[in-house]
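Chain residues, written in single-letter form:
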Amino acid sequence: MDQTEQGLRFRQIHLDFHTSEAITGVAAKFDAEEFASVLEQARVNSITCFARCHHGWLYYDSKKFPERIHPHLANRNLLKEQIEACHRRKIRVPVYITVQWDHYTAVRHPEWLVVTADGRFSGTPPFEPGFYRNLCLNSPYRELVKEITAEVLETLPVDGLFFDIVIVRECACRHCIDGMKRQGMDPANREDRLRYAVQTLNQFKLEMAEFVRSFNRNCSIFYNAGHIGPLIRESMPAYTHLELESLPSGGWGYLHFPLTMRYARTLGLDCLSHTGRFHTSWGDFHSFKNTAALEFECFHMLALNAKCLIGDQLHPDGEISRPVYELIGSVYRQVEQKEPWCRGAKAVTDMAVFNTEEFDGKQVSPPTAGALRMLQEAGHQFDIVDSRSDFSQYKLLILPDLVAVDDQLEQKLEEYLAAGGRMIASAFSGLDAGKSEFRLKPLGVRLRQPLRRDSGGDLAAGRLAEGNDHAEYIVAKGALGKGLPETEHVMYLKGLEVAAADGAEVLIDTVASYFDRTWEHFCSHRHTPSSGRIDYPAVVRRGGAIYFAHPVFTQYHINGPRWCKILVLNAIDLLLPDPVLRHSGPSSLVAAVNEQAHAGRWVVHLLHYIPERRCREIDVVEDVISLYDVTVSIRAPQKVASVRCVPSGEPIRFQERDGRAEFVVPKIDGHQMVEVNF
Ligand SMILES: [Zn+2]
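Overview of the structure. (Residues numbered from 1 in each chain as written. Predicted model: local features only at pLDDT ≥ 70, side-chain atom pairs only at ≥ 80, totals over all residues. Heavy atoms only, no water.)

1. Re the coordination of the zinc ion
Part 1 of the reasoning: In the first shell of the zinc ion, the protein supplies Cys136 (SG), Cys171 (SG), Cys173 (SG) and Cys176 (SG), at 2.2 to 2.3 Å from the metal.
Part 2 of the reasoning: Given four donor atoms and angles of 99 to 119 degrees at the metal, the environment of the zinc ion is assigned as tetrahedral.
Part 3 of the reasoning: For Cys173, a relative accessible area of 4% corresponds to the buried category. (Donors = N, O, S within 2.8 Å, 3.2 Å for Na, K, Ca; no water. Tetrahedral: all angles 85-135°; square planar, octahedral: opposite > 155°, others 65-115°. Buried < 20%, exposed > 50% of the residue type's maximum accessible area, 1.4 Å probe, protein only.)

Structure, rendered in structure tokens:
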């Protein structure tokens, strides 16, 4: 059953089935017809089912590895019957195969485990519950994974393969040490080990894709690492599509999905995003996500051009839970109705934010996360990009706080600016990787002196300290300070002491505190107040580029000072006065504009759900708070023919002025799509 021809399916399930050997009667209550019929009623059209789980057990009638079949599997054809019953109802069934976590193998072949630099096995210690021991893909284990995959492909009708836990693992086992030596690397050097681990993983994925293709030309192939970041680029040919594992209540939080998706959608493959029906995370049996939360998560996926996947886990007895699929069905029936406005849709964006994961290795990198929140809260339309992206399609590029510039990036960014591109950069962005000098000259700043270090040897600029030791101030003024009182506003994190170059205009200066907070001199509970003494430039403009000396994006991610956001949004207004979308709604409204070129229309998604920290561990969405009469203005690419709410079809009056179309959306009940026809 092909899925790539028409793109990925919109209503998917991932059906976990990691089942202990200590449980008997496994799949004894499985009824294939009941199973597929419940899925069909919930409007599910793809479900990932298990060949092999993290416990290491198989759920099909293996002839090659009968000892690995779950010892209490009452129905040896569980997977086969799941696939056949689903196929009769035109439901796709990608097959799940665990890779680096396999309890059965880890216990029997400790010599195949990843070894840490201090000589221990990586993962769950022997006397703790859990199957999180990491197997090394340079050990003979690699062949075992291939043999099992071959048997699955040869004996079952496979629509797709989902290889789980395919993650970069630095390893000091003898296979890896030999491999590094053969390549002239130094196994004792951490950077070499990491480089070798990345190379190992890329080779594994590419080799596996070729291997799978020798059995099946069409099945989908995905390798899961729980995240999609810039590291994926080298192995992109091994994937048919991308899946974003991102359960907001499962440790990823509500920021991970929009951040990752806005990046993943620029990589050229169709995307699917995971959430769960669980209250928290995977393995949370007998729990339910609030309906409003599941709606928000699925509709947010549609708005950002992802297809939906909801994670579930089948009870060991094999009986599918009807109440769970009533919950899923209540959302998937709505997804099905919204699909015609999401098929083939591409984001309409005029800005891009650099993904600083490329520089700090963090999956939710604070500078990018801060920028994402600011732009999302203002209704701006943007992608997240890396140094290898094509910048020419964006009018404004944001380099938040940490974007180090090498030869290649310097040239690319200078060409972008020379061609009329506009840019906002902040703090360390534009410097060389060693933070010694600005390489990106068009920013119009240079370091006044080498960056100051405090007594501990750390850079004072950008350093987070409990008492805001190096805090400084800026006086909001002019166009940049619009909406803020013309007085000092604290910058908790110190900026870079810069000087403006010729031809650059200082928009705002830094005001120094009386002194830094140290053991010798301090004032009150926190940072020392403003001394009124003007210090170095805080915000500098040169042509189409505005530079902020303070790490305003990291700061916004840390504690959300509204003035940091207002300053940045005002800078955006100066550089890009005519953005794709503006709205009159609250900052909790999420707005996304998509184009369906085949239908000659734009679809504006408006989402209003508010995750609230109601308990210690997770953000909760329980209620839908409706919004009424929200004015939306879009920069229309051509004359507008009609505007209506969809799927309901209710027409909306609109006005056109100066290349923009403006209309009032009468009600946003959680999620509302508006179709703009040209
Ligand atoms: Zn190894």
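After presenting the structure, the write-up continues.
2. Digging into the pairing of strand β15 (residues 472-475)
Part 1 of the reasoning: Two strands pair when backbone bridges link them, and β15 and strand β16 (residues 488-491) are joined in this way by four bridges, in the antiparallel orientation. Bridge pairing links Ile474 to His489 in β16.
Part 2 of the reasoning: Pairing of β15 with strand β18 (residues 505-513) involves two bridges; the strand directions are antiparallel. From the neighbouring strand, Ile474 faces β18, where its bridge partner is Thr510. (Pairing = 2+ DSSP bridges. Helix = DSSP H or I, 4+ residues; strand = E, 2+ residues; numbered from the N terminus.)

3. Section: the environment of Asp407
Part 1 of the reasoning: Position of Asp407 relative to the elements: it lies in helix α12 (residues 407-418).
Part 2 of the reasoning: Residue classification places Asp407 among the exposed residues on the basis of a relative accessible area of 55%.

4. Examining the sheet that holds strand β24 (residues 627-635)
Part 1 of the reasoning: Spatially, four strands are ordered β21-β24-β28-β27 in an open sheet, and the strand pairing comes out antiparallel. Of all strands in the sheet, those with a lone pairing partner are β21 (581-583) and β27 (654-657), marking the two edges. Adjacent strand axes in the sheet meet at a mean angle of 25 degrees when their direction is disregarded.
Part 2 of the reasoning: Two elements, β27 and strand β28 (residues 660-668), share four bridges in a ladder whose sense is antiparallel. (Axes fitted to C-alpha atoms, helices over the stretch in contact; angles between N-to-C directions.)

5. Details of unusual backbone geometry
Part 1 of the reasoning: Geometrically, the link from Val646 to Pro647 is a cis peptide bond, its omega value of 5 degrees lying close to zero.
Part 2 of the reasoning: Of note, the phi angle at Lys90 is positive, near 60 degrees, even though the residue is not glycine.
Part 3 of the reasoning: Position of Lys90 among the secondary structure elements: in the loop between α2 (78-88) and β3 (94-98).
Part 4 of the reasoning: Of note in the backbone geometry, Asn305 takes a positive phi value of approximately 75 degrees without being a glycine.

6. Notes on the side chain of Asn355
Part 1 of the reasoning: For Asn355, the location among the structural elements is in the loop between β10 (351-354) and α10 (357-360).
Part 2 of the reasoning: Since its relative accessible area comes to 2%, Asn355 is described here as buried.
Part 3 of the reasoning: Among residues more than four places away in sequence, those in contact with Asn355 are Pro230, Leu259, Tyr263, Thr368, Ile384 and Val385. (Contact = heavy atoms within 4.5 Å.)

7. Points about the nonpolar core
Part 1 of the reasoning: Within the largest apolar cluster, 147 residues are counted, with the highest numbers of intra-cluster contacts made by Ile47, Phe163, Leu242, Tyr325 and Ile424.
Part 2 of the reasoning: Among the elements that line this core, the one with the most residues is helix α8 (residues 291-303), at nine residues.
Part 3 of the reasoning: Not counting residues up to four positions away in its chain, the partners in contact with Ile47 are Ile13, Leu15, Phe35, Leu39, Cys86, Ile91, Arg92, Val93 and Pro94.
Part 4 of the reasoning: In terms of nonpolar packing, the next biggest core, distinct from the first, is built from 33 residues, Tyr394, Leu447, Leu496 and Tyr536 among them. (Core = buried A, V, L, I, M, F, W, Y, C linked by side-chain atoms within 4.5 Å.)

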